[in-house]
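Secondary and tertiary structure notes
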Amino acid sequence: MALDLVPLPVANGTGLSLRDAGEELLVASAPVRVATSDGDAVAAGYDSVTADGDRTWCRAEVTAGDGTRVRVEDVWAPSEQGDGFLVSRSIEILARGSAAGVRTELVLESPLAPSPEWQLFVSGALYNRNDTDLDGREDYLGGTV
């Protein structure tokens, strides 16, 4: 498996495409989503994407509707097995808005046809106000989405 991470121009910055031998497996057209505790959410592409050896450094500054300003930095690095990528995310609150809290989400989409034979379990996304498919309803293990 030869995975490639390819920058992707999108309307609000730069996204990423994860490809295996040219076949697109995952697309991050708005990889940074910032959600405040008052229900506001803003999705954005990266402001900068820089390859450095086998790592890719991605940065974005996002301002939510309440005035919260967040700097997000993602470092994409190949896994030791070479069959995937590890993403290390750091966030910095640059300006506090009126909301009591904020969270960030890494949003990825698959262009592959859905199959009932597999499930995706995102253990790091199991917390209160969990909405991994962004439909406005909380998702829990055992749900259909």
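Above this note sits the structure.
On a predicted model such as this, the values are computed, not experimentally measured, just so you know. (Residues numbered from 1 in each chain as written. Predicted model: local features only at pLDDT ≥ 70, side-chain atom pairs only at ≥ 80, totals over all residues. Heavy atoms only, no water.)

Another aspect to go through is the pairing of strand β5 (residues 41–44). As paired elements, strand β4 (residues 32–36) and β5 share 4 bridges and run antiparallel to each other. Bridge pairing links V34 to V42 in β5. Between β4 and β5, which pair antiparallel and follow one another directly, the connecting turn spans 4 residues, one of which, G39, has a positive phi of 100°. (Pairing = 2+ DSSP bridges. Helix = DSSP H or I, 4+ residues; strand = E, 2+ residues; numbered from the N terminus.)

On to the side chain of D66, then. Of note, D66 is situated in the loop between β7 (55–63) and β8 (69–78). No salt bridge is formed by the buried D66; its nearest oppositely charged neighbour, R96, is found at 7.5 Å. In terms of polar contacts, D66 uses its side chain to reach the side chain of T68, at 2.9 Å. (Buried < 20%, exposed > 50% of the residue type's maximum accessible area, 1.4 Å probe, protein only. Lys, Arg positive; Asp, Glu negative; His and termini not counted. Salt bridge = Lys/Arg side-chain N within 4 Å of Asp/Glu carboxyl O. Polar contact = N/O pair within 3.5 Å; in protein donor to acceptor, adjacent residues only side chain to side chain.)

It is worth spelling out the side chain of T68 at this point. As for its placement among the helices and strands, T68 is situated in the loop between β7 and β8. Taking the relative accessible area as the measure of exposure, T68 reaches 5% and is therefore buried. Dropping the residues within four chain positions of it, T68 is found in contact with T36, V62, T63, A95, R96, G97 and V102. (Contact = heavy atoms within 4.5 Å.)

With that settled, consider unusual backbone geometry. Excluding glycine, a negative phi dihedral is what most residues carry, and trans is how most peptide bonds are arranged. Here A21, not a glycine, exhibits a phi torsion of approximately 50°, which is positive. Inspection of the secondary structure puts A21 in the loop between β2 (13–20) and β3 (23–28). Accessibility expressed as a relative area gives 72% for A21, which makes it exposed.

Attention now goes to a nonpolar patch on the surface. On the surface, V87, L106 and L108 cluster together into a nonpolar patch covering about 200 Å² of accessible area. Mapped onto the secondary structure, V87 falls in strand β9 (residues 85–95). You can call V87 partly exposed: its relative accessible area is 31%. (Patch = residues over 30% accessible without salt bridge, like charges linked within 9 Å, V, L, I, M, F, W, Y side chains within 5 Å. Areas by Shrake-Rupley, 256 points an atom, 1.4 Å probe, with all protein chains shown as cover.)

Right, let's talk about the pattern of salt bridges for a bit. Counted under the stated rule, the structure contains 8 salt bridges. The salt bridge partner of R33 is E105, with a shortest N-O separation of 2.7 Å. With R33 in strand β4 and E105 in strand β10 (residues 102–106), the pair connects residues that are 72 residues apart, well separated along the chain. R33 sits in the buried class, given a relative accessible area of 15%. As a salt-bridge pair, E92 and R71 come within 3.0 Å of each other at their nearest N and O atoms. Of the two residues, E92 is situated in strand β9 and R71 in strand β8; the sequence distance between them amounts to 21 residues. Residue E92 is classed as partly exposed on the basis of its relative accessible area, which comes to 40%. With relative accessibility at 33%, the residue R71 sits in the partly exposed group. Here the residues in one salt-bridge network are E61, R69, R71 and E92, joined through shared partners.

Here 5 bridges tie β2 to β3, and the two strands are oriented antiparallel to one another. When the sheet's bridge partners are listed, L18 is paired in β3 with L26. As consecutive antiparallel partners, β2 and β3 are separated by 2 residues, and within that stretch A21 has a phi angle of approximately 50°, a positive value.

Read these as spatial facts, not as claims about activity.
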